[in-house]
Amino acid sequence: MNELNNIGEHIWIGKIGNGFVVLSFVASLLALIGFYLSTKNKDYLKFARNAFYLHGISVVGIASTLFIMLFSHYYEYQYVYQHSNNEMPMRFIMSCFWEGQEGSFLLWTFWNVVLGLILQRSLKNEWEAPVMAVFSLAQVFLASMIMGIYIGDYKMGSNPFLLLREHPDFMNLPFLQIPNYLEKIDGRGLNPLLMNYWMTIHPPTLFLGFSATLPPFAFAIAALWNKKYHDWQSIALPWTFFGILILGVGILMGGAWAYEALNFGGFWAWDPVENSSLVPWLILVGAGHVMIVNKNKGGSLFTTHLLSIGSFLLVLYSTFLTRSGILGDSSVHAFTDLGMQGQLVLYVLTFMLLCVALLIENDLLRVSYILGSLLIAFFSGIYGHKKLALYVWLGSSAFLTVFSYNKYFPKEKDEEELYSREFWIFLGSLVFLLSSLIITYFTSIPVLNKLFGLNKAPVKVADYNLWMTPFAILLLILIAAAQFLKYKKTDAKEFYRKLRFSFIASLVFGLACSIPLYLVKDFSATEGIDKWNLISYSLLFIVGVFAVLSNSEYWLRVLKGKISKSGASIAHIGFALVLIGALVSISKKQTISKNTSGKKVEGLGKGFDNNRSLFLQQGDTLPLGPYLVSFESKERIGIDVYYKVNYFTPDENGDPKFAFQLIPKIQDNPRMGQAAEPATRHYLDRDVYTVITAADLNVVDPKAKDAYNTPKNYIGHIGDTIFASNAIIVIDSLKTNLTQQEYEKTDSLLEVTAVLKAFNSNGDVFKAYPKYIIRKSMIVPEVDMIEELGLKFSFWKINPEEGSVEITMSEKVNNSKDFIVMEAYIFPYINILWLGCFVMAFGTGISVVERYKKLKSKSEASGA
């Protein structure tokens, strides 16, 4: 590349960033080696700690460098060019940071550093070296994801500090050949869907949740490593519930973003990316609960290891799903493939190999397993047959896991009693595990299609609901009842007596709400519910109320309303409220935007339906469910076009009375395309949700409303009609001042006048007389206008052979009434769901604080 192309480029900052990238990888590798050696010789601990500190400093350096580049609009760098632009508000710079794969990997790495440093400083015992070795191994892989270097023909990672002229996708762009190209270019900008305030807080919270699955995993692996299978659960318990809290909040934030920013009319669509974050959370919740059993009674060793390890492995698997490009056709927010599919697979398989290898007690068998795994990978890379190699490796891993199970995790001496708290908690964890496996299978259909050459269609939302409803019912029953059970054994009669009031009250209330629905013959007013699934939905509602009432009773009667002791009860109440809110708002969701305009919308394309898409012209007022609605105006601010939609309710006389105004918008991004963002009116008992699905994005300047549109040409015969937006025009007749023979003899001025009659909607008649003039063999059309209708005509051509004429017509800009096509829904009682989110997070937070206090007091007592 010619040196002139470097004019204005900030090469120095890219070199700094790359230096930090290399330092991050090397330091994490040194920390891994140091902590591994420290498990055998404590003299290496200081070296390992310093290496991890250096890794943390370099990660902060990478992030700071990237932020400086984004804030400064250094478009010579591919990452800045691809994810930001000059028009984008600065408040979305953070969203730019983690929009791309490189930035999100860096965010994940940063949170791992934060948690790793906190954990390392809090341990200072025999757990530090093995736990931090696992942390460092995870950091080695994450650091490699942003290396962007080639090893032979294989590219390891994708570097955010690559110049545009060095990137294979951009290096041939014509403007890069201009020496001062930086003075002329703007970035591509942020994905329109991410230009929302939720996207500045949802991703960092979610990735902190992903990072929070690492401490329980690291403790479980360290326990297998040190053969201390009984000692780690109490230490990992606060970290596990911290992960439950943060990852749960991150998932719920994603639902809130989907509800406010996406246009599918809901908060959860069982999207593969949504599922890939939900499944690790479900497994982590199960892990936290069996750890409680282990802490209070002992036992459940295998389950605590399985679920703690499984939650992190499923995070890795979800990373593969969302970043390998394999979900590109089945998810709206999966990443495209950056050529890291093999690296992601290696990431997942390495940690699986580590888990299986540590389970093998015999050293010779363990070494043989590791070498065999490496040989399988090596020969499959040379000779192909990668699928067969994967099947062989997974089969041998599963066999060795089962073979080693009994040696590490012997059967419990005493069978758990049916009426014991530990048995019901174990059942709950089993429900979490089974539901997670089903969701994982459904989500993995694109992977299965690729592995086995299948062509299975993605699972529909209705199928997910059908499968998950029984699990939700069983889980809510367990949540409602388990706290009234004692460990080891509980008297059955006493147990049922304590639940009697909550059960009867929930049954009466649930039936009172459900029976009227069953008696209704027409279910068209609601969506997602019919008489086939009404029974299961009614049962889900009843047990949800049961869970709320029973946990409230336990909190108030047994725990005497003490907040500090009631974290579990409050979190259970919140979880039940989330499920109740989701059930009621979705099953009773009303589509109120049935098209009453008389103009069919199906012709606008796929996705438009007269049963849910209302065609609304500016100034018109049409019925919309219990409301009347009108489209007032639109306004463009930057790339956003806002549409003012007024809602009215009929007063006592039936006249419309203004109720509220909603302003949904369409983001008109010239590089990224268009994205609709809904607007919602919130009430205590319902939300009114409105989204624009089609509209004219051009906003006319009021000063230009008297101007005329571009003329349109019409070919017709005498008696034919021309249609304007406000009139029908008939070509009535043609008049001429000369016959053809007279014109040919004298070569005089020839005038042919078209007599046009225009009829407006009231039946009024207007006339126009445009002329076709030939003067000295030149055609000189004479325009005529109908001022009352804002129409202009030009008669410019005669086709003697066809007996037709050609006339252009143009209309005033303000002739055409603007329009929108909108969808509107009522979500009843959706605030129950949002209330449940807050209550569940509050209860889980209480549990985190209390369990940390207990762990701290225990460690202080043992230290004393």
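Right, let's talk about the overall build of the chain for a bit. A count of helices and strands for the chain gives 22 helices and 23 strands. If you take every contact in the chain between residues at least 6 apart in sequence, the share linking residues at least 24 apart comes to 69%. If you sum the accessible surface of the chain, you get close to 40,900 Å²; carbon and sulfur atoms cover 62% of it.

It is worth spelling out the packing of aromatic side chains at this point. Tallied over the entire structure, the rule returns 47 aromatic pairs. An aromatic cluster of three or more residues is present, and its members are Trp-108, Phe-141, Phe-207, Phe-210, Phe-217, Phe-312, Tyr-347 and Phe-351.

At their nearest, the axes of helix 10 (residues 272-297) and helix 11 (residues 301-323) sit 8 Å apart, and the two run at 165 degrees to each other. By the criterion of interaxial angle, the relationship of helix 10 to helix 11 is roughly antiparallel. Crossing hand, helix 10 versus helix 11: left-handed. Packed against helix 10, whose contacting residues are Val-273, Ser-276, Val-279, Pro-280, Ile-283, Leu-284, Gly-286, Ala-287, Val-290, Met-291 and Asn-294, the element helix 11 presents Leu-301, Thr-303, Thr-304, Leu-307, Ser-308, Gly-310, Ser-311, Leu-314, Val-315, Ser-318 and Thr-322 at the interface. Considering only residue class, the contact of helix 10 with helix 11 consists of twelve nonpolar, ten polar and no charged.

This part covers the sheet that holds strand 22 (residues 804-811). Strand order in the open sheet formed by four strands is 13-22-21-20, with antiparallel pairing between adjacent strands. Lying at the two open borders of the sheet, with one neighbouring strand each, are strand 13 (712-716) and strand 20 (784-786). Between one strand and the next, the sheet's axes are offset by a mean angle of 30 degrees, whatever the strand orientation. As paired strands, strand 20 and strand 21 (residues 791-799) are joined by three bridges and run antiparallel to one another. Paired with Met-785 across the strands is Lys-792, a residue of strand 21.

The next thing to look at is the confidence of the model for the chain. Low pLDDT means the predicted atomic positions in that stretch should not be read closely. This prediction gives the chain a mean pLDDT of 85; 86% of its residues lie at or above 70. Ignoring residues within four places in sequence, the model shows residues 1-5, a span with pLDDT below 50, making nine contacts including any to other chains. Across residues 521-528 the pLDDT falls below 50, and counting only partners more than four positions away or on other chains, this stretch makes 19 contacts in the model.

Relative to the helices and strands, Tyr-642 is located in strand 7 (residues 640-650). Here the alpha-carbon distance between Tyr-642 and Glu-677, two residues 35 residues apart in the chain, equals 9.7 Å. Ignoring any residue separated from it by four or fewer positions in sequence, one finds Tyr-642 in contact with Ser-633, Lys-634, Glu-635, Ile-637, Ile-663, Pro-664 and Lys-665.

Now for helix 12 (residues 341-359). Here helix 12 contains 19 residues, and its C-alpha end-to-end distance of 28 Å stays within 8% of the 27 Å for a straight helix at 1.5 Å per residue. Buried within helix 12 are the following residues: Gln-343, Leu-344, Tyr-347, Val-348, Phe-351, Leu-353, Cys-355, Val-356, Ala-357, Leu-358 and Leu-359.

Turning our eyes to something else, we now look at the packing of helix 15 (residues 421-443) against helix 16 (residues 445-452). A pair of packed helices is captured by two measures, namely the crossing angle of their axes and the spacing between those axes. Relative orientation of the contacting elements helix 15 and helix 16 amounts to 55 degrees, with a least axis distance of 5 Å. Comparing the axis directions of helix 15 and helix 16 gives the class oblique. Contacts from Tyr-441, Phe-442 and Thr-443 in helix 15 reach Ile-445, Pro-446 and Leu-448 in helix 16. Across the contact of helix 15 with helix 16, the residue classes tally to five nonpolar, one polar and no charged.

Let us look at the nonpolar core. Counting residues in hydrophobic clusters, the biggest one holds 204 residues, and the most contacted among them are Phe-217, Phe-219, Phe-351, Tyr-647 and Met-822. Here the element with the most residues in this core is helix 9 (residues 233-261); it accounts for 16 residues. In terms of nonpolar packing, the next biggest core, distinct from the first, is built from 22 residues, Phe-766, Phe-793, Val-805 and Ile-807 among them.

Time to look at a positive patch on the surface. A cluster of like positive charges, contributed by Lys-295, Lys-562, Lys-565, Lys-854 and Lys-858, occupies part of the molecular surface. Tracing the sequence through the fold places Lys-562 in the loop between helix 19 (531-558) and helix 20 (567-587).

Counted under the stated rule, the structure contains 15 salt bridges. Between Glu-9 and Arg-165 there is a salt bridge, with its nearest N and O atoms 2.7 Å apart. Taken together, the residues span a long stretch of sequence, with Glu-9 in the segment before helix 1 (11-38) and Arg-165 in the loop between strand 2 (154-156) and helix 7 (198-212) at a distance of 156 residues. Each member of the pair Glu-9 and Arg-165 is classed as buried.

Taken together, the side chains of Val-22, Val-26, Leu-29, Leu-30, Ile-33 and Phe-47 define a hydrophobic patch exposed on the protein surface, amounting to about 460 Å² of accessible area. Mapped onto the elements of the fold, Val-26 is located in helix 1.

Looking now at the environment of Ala-129. Tracing the chain through its elements places Ala-129 in helix 6 (residues 128-144). If we skip the residues at most four places from it in the chain, Ala-129 touches Phe-35, Ser-38 and Thr-39.

The subject of this paragraph is helix 8 (residues 214-226). With 13 residues, helix 8 should reach 18 Å at 1.5 Å per residue; the first-to-last C-alpha distance of 18 Å fits that figure. For helix 8, the buried fraction is high: eleven of the 13 residues fall into the buried class. Leu-214, Pro-215, Pro-216, Phe-217, Ala-218, Phe-219, Ala-220, Ile-221, Ala-222, Ala-223 and Leu-224 are the residues of helix 8 that are buried. One or two positions beyond helix 8, positive phi appears at Lys-227, with a value near 60 degrees.

Turning to the environment of Leu-66, a few remarks are in order. Looking at where Leu-66 falls in the secondary structure, it is placed in helix 2 (residues 45-71). Residues Leu-66 and Gly-14, 52 residues apart in the sequence, show an inter-C-alpha distance of 8.9 Å.

Taken across its eleven residues, strand 16 (residues 750-760) has eight buried, putting it largely inside the fold. Both strand 15 (residues 727-736) and strand 16 contribute to a ladder of nine bridges, which runs antiparallel. Paired with Lys-735 across the strands is Thr-753, a residue of strand 16. Judged from the four bridges that link them, strand 16 and strand 18 (residues 771-775) form a sheet pairing that is antiparallel. Within strand 18, the residue paired with Glu-751 across the bridge is Ile-773. Where strand 16 and strand 17 (residues 765-768) come together, four bridges link them in antiparallel fashion. Counted as the bridge partner of Leu-756 is Ala-768 from strand 17.

Criteria and cut-off values
The written sequence of each chain sets the order in which its residues are numbered from 1. Totals for whole chains, interfaces and linings use every residue, but because this is a predicted model, local features are given only for residues with pLDDT of at least 70 and side-chain atom pairs only at 80 or more, for both listing and counting. To get the side-chain values, all heavy atoms of the structure are used, and hydrogens and water are removed first. Under the DSSP-based scheme used, a helix requires at least four consecutive residues in state H or I and a strand at least two consecutive residues in state E, with every element numbered from the N terminus. In this analysis, two residues are considered to be in contact whenever any of their non-hydrogen atoms come within 4.5 Å of each other. Using the Shrake-Rupley algorithm and a 1.4 Å probe, accessible areas are obtained, with residue cover drawn only from the displayed protein chains. Here a pair means two rings of Phe, Tyr or Trp (six-membered ring of Trp) with centres within 6.5 Å. Their orientation is stacked below 30 degrees between planes, edge-to-face above 60, and tilted elsewhere. Axis definition: a line fitted to C-alpha atoms, over the contacting stretch in the case of helices. Angles run 0 to 180 degrees between N-to-C directions. What sets the label is the angle itself: under 35 degrees gives roughly parallel, over 145 gives roughly antiparallel, 65 to 115 gives roughly perpendicular, and the rest give oblique. Each crossing gets its handedness from the near helix: less than a right angle anticlockwise from the far helix is left-handed, clockwise is right-handed. The residue classification treats Ala, Val, Leu, Ile, Met, Phe, Trp, Tyr, Cys and Pro as nonpolar and Asp, Glu, Lys and Arg as charged. All others, Gly included, are polar. When DSSP finds at least two bridges between two strands, those strands are taken to pair. Each residue carries a pLDDT score, the predictor's own confidence in it, on a scale running from 0 to 100. To estimate the expected span of a helix, count its residues, drop one, and scale the result by 1.5 Å. Throughout this description, buried means an accessible area under 20% of the type-specific maximum (1.4 Å probe, protein chains only), exposed means over 50%, and partly exposed covers the range between. The definition of a nonpolar core used throughout is a set of buried Ala, Val, Leu, Ile, Met, Phe, Trp, Tyr and Cys residues joined through side-chain atoms within 4.5 Å. Only residues whose relative accessible area exceeds 30% and that form no salt bridge enter a patch; like-charged residues are grouped when within 9 Å of one another, and nonpolar side chains (Val, Leu, Ile, Met, Phe, Trp, Tyr) when within 5 Å. Any Lys or Arg side-chain nitrogen located within 4 Å of an Asp or Glu carboxyl oxygen qualifies as a salt bridge. His is not counted, nor are the chain ends, whereas Lys and Arg count as positive and Asp and Glu as negative. A charged residue contributes its charge at one atom only: NZ of Lys, CZ of Arg, CG of Asp or CD of Glu.

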